[in-house]
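Below are the chains, spelled out letter by letter.
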Amino acid sequence: MTEPLSINRTSLVDRLRELGGIGRTQEGALSRVALSDADRAGRDTVVAWMRDLRMTVEVDAIGNIFGTWGGTDGQGTKPIMVGSHLDTVIDAGIYDGSYGVLAGLAVVETLRDAGLRPGRPITVAAFTNEEGVRYTPDMMGSLVYAGGLALEEALATTGTDGTTLGDELKRIGYAGPLAPGTIQPHAFLELHVEQGPVLEHERLQIGAVEDLQGISWQRVTIQGQANHAGTTPMRLRRDAGYAAARITTFLHDLAEASSGTTVATVGTIRFEPGAINVIPARATLTVDLRDAAEARLQAAESELKEFLVKLNGEVGVTIETERLARFEPVTFDEGLASLISEVAAERGLRARRMTSGAGHDAQMMARIAPSAMIFVPSTGGISHNPQEHTSGEDLAAGANVLLSVVSRLASLGVPA
Ligand code: HGY
Ligand code: MN
Ligand code: MN
């Protein structure tokens, strides 16, 4: 059997490192938060790489970037689309999102250098604001693309810093002319680091991701009463800080009691006025609840709601909630998931089917085209953390599986 085509591992790893160096703070933390100057710099770099590959670059009205190779044949042949996102969380790793976009470029480069012409155009996508750290919901660019959120509503979103998304998109020069959803893919594949411990723990190299868990994001605002930390008896307090702590431990216990299917995170918390000797008048926190089963996720949401009513009375505070994101669990395309497993086996890679714990653009693209994901191991299962790491060998293995799957779908005669 002829050796299957393989991507250039060194150039993929070099580009990941180069892009990973863009958007560093003075302290050296990687924070290419959506629509920041750092995000613009990352976008500009990837657009330049797309142009070097003589890809046709298009940007849509929510800032999604598309690089297409193989040209449009004027017959309206739908492209195979691969991709992910370039924005990061705060103090991030260099692989989350970037890997899927840069591996897409590597696939195009490999096929082009092999002198092959795809039976379908191949489009590499970089979706706007996948992380949702500054503007909620997350996966926003692909959600608008898939018709799940109106463009005007997305552009009017106010960020955690008080900015308006549409203004920032214009400011960084990525408010593009293309109507979101114009490029309708034949299929969508997202290659991504697992961001969890499963593949490493089971000593596997590839995850054929067949589904993705549901996500519920809320902001909880607790209004109590500021008072003197020394003179106010405990029984007379309306302590928003204490109520916030009760909510955090309630959610932790709720997830623990679910024997691991539900996960709960209070990722941000703010006290006001925020002084050592003032009982917090107000606490604002965010809740991230997830479960692979919609019924269990709904049950967790209603348990929280009941607890908040109880807490209102007990602590003498008023509590308001605001929904920030809510996505039901998603099942990916079975045909693509089995093609990923088949190709991994042909390449002699140890693989398994799995569920994604994290949200991804593929879950939105699954609304408009057959979609699936390919995972590679995360060292120590760590992500959303500067320690995020995947070995060069695993990075190349994942990109080669993507190459083979795309080659099959683009009916390219490469031995894959
Ligand atoms: O929240 C998530 O799962 C993704 O990283 N946006
Ligand atoms: Mn990601
Ligand atoms: Mn992420």
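A. Spatial organisation of the overall build of the protein chain. Broken down by element type, the protein chain carries 12 helices and 14 strands. A globule of 416 residues ought to have a C-alpha radius of gyration of about 22 Å, and the protein chain, at 23 Å, matches this closely. Residue pairs in contact within the protein chain that sit at least 24 positions apart in sequence constitute 80% of those at least 6 positions apart. For the protein chain, the accessible area works out to roughly 17100 Å², and carbon and sulfur atoms hold 50% of it. Charged side chains of the protein chain number 36 positive and 52 negative; the gap between the two group centres comes to 2 Å.

B. Expanded view of the pairing of strand β3 (residues 80-85). Here β3 lies mainly inside the structure; 6 of its 6 residues are buried. Burial along β3 is two-sided: the residues Ile80, Val82 and Ser84 and Met81, Gly83 and His85 are all buried. Where β3 meets strand β4 (residues 122-127), 6 bridges bridge the pair, whose relative direction is parallel. Residue pairing across strands places serine 84 opposite alanine 126, the latter belonging to β4.

C. Quick peek at the coordination of the manganese ion (ligand 2). Only His85 (NE2), Asp96 (OD) and His192 (NE2) from the protein reach the manganese ion (ligand 2) as donors, at distances of 2.1 to 2.3 Å. A separation of 3.5 Å is found between the manganese ion (ligand 2) and the manganese ion (ligand 3), which are bridged by aspartate 96. Of this pair, histidine 85 sits in strand β3 while aspartate 96 sits in the loop between β3 and α3 (98-113), and the two are 11 residues apart along the sequence. Owing to a relative accessible area of 6%, aspartate 96 belongs among the buried residues under this scheme.

D. Region of the structure containing the coordination of the manganese ion (ligand 3). Coordination of the manganese ion (ligand 3) by the protein comes from Asp96 (OD), Glu131 (OE), Glu131 (OE) and His384 (NE2), over a distance range of 2.1 to 2.6 Å. Counting gaps between the donor residues of the manganese ion (ligand 3) yields the pattern D-x34-E-x252-H.

E. Here's a closer look at the pattern of salt bridges. For the structure on display, the rule yields 23 salt bridges. Across the pair glutamate 109 and arginine 15 runs a salt bridge whose closest N-O atoms are separated by 3.3 Å. Taken together, the residues span a long stretch of sequence, with glutamate 109 in helix α3 and arginine 15 in helix α1 (residues 9-20) at a distance of 94 residues. Of the two residues, glutamate 109 and arginine 15, both sit in the buried class. In this structure, arginine 282 and glutamate 272 form a salt bridge, with 3.8 Å as the shortest nitrogen-oxygen distance. Of this pair, arginine 282 sits in strand β10 (residues 282-291) while glutamate 272 sits in strand β9 (residues 269-272), and the two are 10 residues apart along the sequence. Owing to a relative accessible area of 31%, arginine 282 belongs among the partly exposed residues under this scheme. Through salt bridges with shared partners, one network takes in Asp37, Arg40, Arg134, Asp161, Glu168 and Arg171.

F. Broad picture of the environment of alanine 187. Checked against the element boundaries, alanine 187 lands in strand β5 (residues 187-193). According to the relative accessible area criterion, alanine 187 is buried, its value standing at 2%. Each C-alpha atom of the pair alanine 187 and serine 84 lies 14 Å from the other, and the pair is 103 residues apart in sequence. Filtering out sequence-adjacent residues up to four positions away, alanine 187 remains in contact with Pro79, Ile80, Met81, Leu336, Pro370 and Leu409.

G. Representation of the site of ligand 1 within the structure. The local shell around ligand 1 consists of Glu130, Glu131, Asp138, Met139, Trp217, Arg290, Ala358, Gly359 and His384. The backbone of glycine 359 places a nitrogen or oxygen atom 2.7 Å from an oxygen atom of ligand 1. For ligand 1, whose free accessible area comes to 210 Å², the fraction covered by protein is 94%. A per-class count over the shell around ligand 1 returns 3 nonpolar, 2 polar and 4 charged.

H. Examining the domain arrangement of the protein chain more closely. Assigned domains within the protein chain: domain 1 (9-213 + 329-412) and domain 2 (214-327). Taken together, the contacts link 17 residues of domain 1 with 13 residues of domain 2. With both chains or domains summed, domain 1 and domain 2 bury close to 1000 Å², and 62% of this area falls on carbon and sulfur atoms. Linking domain 1 with domain 2 are 1 residue pair in polar contact (both at pLDDT 80 or more), by the criterion used here. When its residues are assigned to classes, the side of domain 1 that touches domain 2 shows 7 nonpolar, 7 polar and 3 charged.

Cut-offs used in this document
- Residues numbered from 1 in each chain as written.
- Chains lettered and ligands numbered in written order.
- Predicted model: local features only at pLDDT ≥ 70, side-chain atom pairs only at ≥ 80, totals over all residues.
- Heavy atoms only, no water.
- Helix = DSSP H or I, 4+ residues; strand = E, 2+ residues; numbered from the N terminus.
- Rg over C-alpha atoms; globule rule 2.2 N^0.38 Å.
- Contact = heavy atoms within 4.5 Å.
- Areas by Shrake-Rupley, 256 points an atom, 1.4 Å probe, with all protein chains shown as cover.
- Lys, Arg positive; Asp, Glu negative; His and termini not counted.
- Charge placed at Lys NZ, Arg CZ, Asp CG, Glu CD.
- Buried < 20%, exposed > 50% of the residue type's maximum accessible area, 1.4 Å probe, protein only.
- Pairing = 2+ DSSP bridges.
- Donors = N, O, S within 2.8 Å, 3.2 Å for Na, K, Ca; no water.
- Salt bridge = Lys/Arg side-chain N within 4 Å of Asp/Glu carboxyl O.
- Near = heavy atom within 4 Å.
- Polar contact = N/O pair within 3.5 Å; in protein donor to acceptor, adjacent residues only side chain to side chain.
- Nonpolar A, V, L, I, M, F, W, Y, C, P; charged D, E, K, R; others polar.
- Domains from an automatic or database assignment.
- Buried area = accessible area lost by both parts, 1.4 Å probe.

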